[in-house]
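# Structural overview
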Amino acid sequence: MWTLYLLTCLAPAPANLLENPGFELGVAPWRLPPTYTVDTTTAHSGDASLRVENTDPARYLMAAQTVKLEPGRRCAFSAWIRTEGVQGDDSGATICLEWNGPQGWLGGAYPAGLKGTQDWKQIRGSALVPAAATSVDLICYLRKGMVGRAWFDDVEAHETFDPPLTATLLRPGYRGRFTASEAGARASLQLKIATRLPHDLTLPELRLRSSLRQADTLIAETEAALSDHQQTVEVPLGALPVGRYTLTTRLVRAADGLELGSRAWQLEAVSPQGPQPRVYLDDFGRTMVDGKPFFPLGFYDGQLAADRLATMAAGGFNTVMPYGINQGDLGRVEAALDAAQAAGIKVIYNLKDLYPGAQYLPEKLFGWSEPEAMARGLVERFKSHPALLAWYLNDETPIDEHAMLRARYELVRELDPEHPTWAVVYQVQDLAGYADTTDVLGTDPYPIPSRPAALAGEWTRLTAAAMGNGLVWQVPQAFDWANYRKTAEEKAAARAPTLPELRAMTYQCLAEGAKGLIYYSFFDLQRDRLGFEPRWSDMKQMAREVNALVPYLLSTDPAPNCDLQPSRAEVSAAAWRLGDSVLVIAANGGGEPAEVAWKLPAAPAIMSGEATELTTHKVRLGPNQAVAVRVTAPANR
């Protein structure tokens, strides 16, 4: 195993926060609208369940119970669900956790449900209730537009606790690789110590003990006191010979060594003269392909079709993540990868559905029946294909499945040391927990039109902080939400991002540290209400602008100090150096004018985008304005 994971849980099993979770006591305290009844003829356990029957797709009703959960706490929730003839465009019968604030609805967590006719199956979810919440409800329901019958039983909601220790390996970065015999080599760990600890322990009572081993031989040990719930610590490695090593860090009670949690990483000391993987991430977070820096710029799509690949390549894009790549037979997949290679398009290969219980898990795939066998077979078959860029392991799977995600990551990296993995989630409150389940992490902020474009910058900043090592490929919104809305009213309220909004989101991702951009999605552009051509024109413009910036984004020259000071939180700004030239990006993702004060050594020239005012001292930006400027600044100044 490349990496080991251990968490010792010392807290007692949590109590169910719901009353009458099996409906054995009738209705109370559930709030049941018409179409919902207690059924004493069908049950997962006991003698009763909750039954819903809906024959009108326009009717949308929910059964709910208020959960006694304090704001800022984490909740795991579940229910056993059975369905009969559930039909419609959404995911079926399910549960959700929703929270409200002083002004009404604030959000929720919404796991996918069951459709058709299915026997009892447990649906699970988890969420961190925001601090602004004033009430929380657990809801059993049929998704909007769904008809049919469903039963709910053994509903649970438990308060859960963050693990006492969460740790991310910052350095060595990609897969723990570092140069052998390098004097002064050190490991850097980003720690998060839970604020609520077993036995009500406090930081002064804790120690962090780290050890470095090669097989069973202990090489070094260190111990450190803790000063903050979030901090970075360094562990000396020394000048180690070529080989594999295990770095373990343990959170213990100082008085008696009681272990609260631990985390271990497999490190690899490699020869500076040895071969590098075909694709890897370097110490600057850059994707390296055949030894050359590469900036992934592309789209999600369905299948690898030659005409679509040609369109993307001609538009300035170089990468695709095709959801439907595993169609037909293995020969067809090989031909599709060949077509991508011929078009100059790198492929992020989709493995995200190959888990037990996944919504789109095929019953059989190319002769393989078990999910792990499917993943193993595909990796072994296609890991040497020249079009392959990375493996796509996770598309918004809840953090509850951490052990499953971790095991799959370990399997894929063991089978294919030549290519990285990528995972994308929206669960920004859990990003640190995903850091050890993938090589590269991304989030998918889709704010337009209901939220500010600045969400792209905020989520990128959080993702980069969780990874700590620059291994971030982001997923900006290119689609119209109308493609995913059900009613005419909902569709009318949606729209696609404008070109300024696309630029604001894109530039914010870049300024906050993204080292790749995979837009969602090409197939949505094909069905856009405005037509493909006008939307594609905007996307080609974004490709031209980003490709012009790529030499700066991939530069390893020390970043210049331009003293960038945004006037509002919705503004992102960053600077890069390439020889005697400096690039500065400033992007306002908010709805109000803003500015960035800066100190530039010469008059800036606009490379792309727009600004209201531009001087050597500041740039003024209107709502959703973003600009990239170039300044001549010799490196010795």
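Because the structure is predicted, anything quoted here is derived from the model rather than measured.

## Notes on empty space enclosed by the protein
What the rule picks out here adds up to two cavities of 30 Å³ or more. Put simply, the largest cavity is a space of about 250 Å³. The wall of the largest cavity is formed by 21 residues, among which Leu169, Gly173, Trp265, Tyr409 and Ala435 lie closest to the centre. Contributions of two or more residues to the lining of the largest cavity are made by strand E11 (165–171), strand E18 (259–270) and helix H4 (402–415).

## Comments concerning the sheet that holds strand E21 (residues 292–294)
In spatial order, the strands read E19-E20-E21; together these three strands make up an open sheet with antiparallel pairing. Strands at the two margins of the open sheet, each flanked by one partner only, are strand E19 (279–281) and E21. Recorded for the sheet is a direction-independent mean angle of 40° between the axes of neighbouring strands. Across three bridges, strand E20 (residues 287–289) lies against E21 in antiparallel orientation. The residue bridging Thr287 from the neighbouring strand is Phe294, located in E21.

## What about the domain arrangement of the chain?
Segmenting the chain into domains produces domain 1 (36–160), domain 2 (165–270), domain 3 (292–554) and domain 4 (565–632). If you average the C-alpha positions of domain 2 and of domain 3, the two centres end up 32 Å apart. Contact with domain 2, which involves ten residues of that partner, is made by 18 residues of domain 3. In total, domain 2 and domain 3 occlude about 990 Å² of area from one another, counting both sides; carbon and sulfur atoms represent 41% of this. The interface formed by domain 2 and domain 3 holds two salt bridges in total. Arg175 is paired through a salt bridge with Asp439; the nearest N and O atoms lie 2.7 Å apart. At the boundary of domain 2 with domain 3, the tally comes to five residue pairs in polar contact (both at pLDDT 80 or more). Element by element, the count of residues in the side of domain 2 that touches domain 3 is highest for E11, at five residues. Considering only residue class, the side of domain 2 that touches domain 3 consists of three nonpolar, three polar and four charged.

## Describing the nonpolar core
Ranked by size, the top nonpolar core spans 103 residues in total, and within it Tyr349 and Trp422 carry the most contacts. The dominant element in this core, judged by the number of residues it contributes, is helix H10 (residues 532–553), at ten residues. Among the domains, domain 3 (292–554) and domain 4 (565–632) are the pair contributing at least three residues each to this core. Non-local contacts of Tyr349, meaning those with residues more than four positions away in its chain, are made with Ile325, Asn326, Val333, Leu337, Leu378, Phe382, Leu388, Ala390, Trp391 and Tyr392. One finds Leu114, Ala127, Leu138 and Met146 within the second-largest nonpolar core, a separate group that totals 38 residues.

## A word on unusual backbone geometry
Most peptide bonds take the trans configuration, and most residues that are not glycine carry a negative phi. With an omega dihedral of 0°, the bond running from Ala28 to Pro29 counts as a cis peptide bond. Its location among the elements puts Pro29 in the loop between strand E1 (5–6) and strand E2 (36–39). Of note, the bond from Arg171 into Pro172 is cis; its omega dihedral lies within 30 degrees of zero at -5°. If you trace the backbone, Pro172 turns up in the loop between E11 and strand E12 (177–179). At Ser181, a residue that is not glycine, the phi angle is positive and equals roughly 60°. Inspection of the secondary structure puts Ser181 in the loop between E12 and strand E13 (186–193). For Ser181, a relative accessible area of 53% translates into the label exposed. The phi dihedral of Asp563 is positive, around 50°, even though this residue is not glycine. Inspection of the secondary structure puts Asp563 in the loop between H10 and strand E29 (565–566). The class for Asp563 is partly exposed, based on a relative accessible area of 29%.

## Some remarks on the sheet that holds strand E33 (residues 605–609)
Ordered in space as E30-E31-E36-E33, the four strands form an open sheet in which the pairing is antiparallel. Sheet topology places strand E30 (571–578) and E33 at the edges, where each strand pairs with a single neighbour. Between one strand and the next, the sheet's axes are offset by a mean angle of 20°, whatever the strand orientation. In this sheet, strand E31 (residues 581–588) lies alongside E30 in antiparallel orientation, the contact comprising eight bridges. Across the sheet, the residue bridging to Ala573 is Ala586, located in E31. Seen against the sheet, helix H8 (residues 499–511) touches E30, E31, E33 and strand E36 (626–632) and runs at an angle of roughly 125° to E31.

## Brief notes about the pattern of salt bridges
Across all of its chains, the model carries 36 salt bridges by this definition. Glu53 is paired through a salt bridge with Arg51; the nearest N and O atoms lie 3.0 Å apart. Relative accessible area serves as the criterion here: at 22%, Arg51 is assigned to the partly exposed category. Through salt bridges that share partners, Arg51, Glu53, Glu84 and Arg149 make up one connected network.

## Notes on the environment of Ala157
Secondary-structure assignment places Ala157 in strand E10 (residues 147–160). On the basis of relative accessibility, which here comes to 0%, the residue Ala157 falls in the buried class. Beyond its immediate chain neighbours, meaning those up to four positions away, Ala157 contacts Ala15, Asn16, Leu17, Leu18, Val67, Cys75, Ala76 and Phe77.

## Some points on the packing of H8 against H10
At a minimum axis separation of 10 Å, H8 and H10 run at an interaxial angle of 25°. Here H8 is positioned roughly parallel relative to H10, judged by the angle of their axes. In the crossing of H8 with H10, the sense of the turn from one axis to the other is right-handed. In this structure, H8 contributes Leu499, Leu502, Arg503, Thr506, Tyr507 and Leu510 to the contact, and H10 contributes Arg535, Asp538, Met539, Gln541, Met542, Glu545, Val546, Leu549 and Leu553. Tallied by class, the residues present in the contact of H8 with H10 amount to nine nonpolar, two polar and four charged.

## Re the packing of aromatic side chains
Counting across every chain of the model gives 30 aromatic pairs. Relative to Phe522, the ring of Phe299 lies with its centre 5.7 Å away and its plane at 70°, an arrangement referred to as edge-to-face. Remark: Phe522 occurs in helix H9 (residues 522–526) and Phe299 occurs in strand E22 (residues 297–301); sequence separation between them is 223 residues. For the pair Phe299 and Phe522, one class covers both residues: buried. Ring plane angle 50° and centroid distance 5.4 Å describe the contact between Tyr349 and Trp391, whose orientation is recorded as tilted. Within this pair, whereas Tyr349 is found in strand E24 (residues 346–350), its partner Trp391 is found in strand E25 (residues 388–395), the two being separated by 42 residues in sequence. A residue is classified by how much of its surface remains accessible, and Trp391, at 0% relative accessible area, is buried.

Conventions we followed
- Residues numbered from 1 in each chain as written.
- Predicted model: local features only at pLDDT ≥ 70, side-chain atom pairs only at ≥ 80, totals over all residues.
- Heavy atoms only, no water.
- 1 Å grid on protein atoms, 1.4 Å probe; cavity = no way out; pocket = protein on both sides within 12 Å on 5 of 7 lines; lining within 4 Å.
- Points joined across faces, edges and corners; volume = space filled by probe spheres on them.
- Helix = DSSP H or I, 4+ residues; strand = E, 2+ residues; numbered from the N terminus.
- Pairing = 2+ DSSP bridges.
- Axes fitted to C-alpha atoms, helices over the stretch in contact; angles between N-to-C directions.
- Domains from an automatic or database assignment.
- Contact = heavy atoms within 4.5 Å.
- Buried area = accessible area lost by both parts, 1.4 Å probe.
- Salt bridge = Lys/Arg side-chain N within 4 Å of Asp/Glu carboxyl O.
- Polar contact = N/O pair within 3.5 Å; in protein donor to acceptor, adjacent residues only side chain to side chain.
- Nonpolar A, V, L, I, M, F, W, Y, C, P; charged D, E, K, R; others polar.
- Core = buried A, V, L, I, M, F, W, Y, C linked by side-chain atoms within 4.5 Å.
- Buried < 20%, exposed > 50% of the residue type's maximum accessible area, 1.4 Å probe, protein only.
- Parallel < 35°, antiparallel > 145°, perpendicular 65-115°, else oblique.
- Left-handed = near helix turned anticlockwise from the far one by under 90°.
- Phe/Tyr/Trp six-rings, centres within 6.5 Å; stacked < 30°, edge-to-face > 60°.

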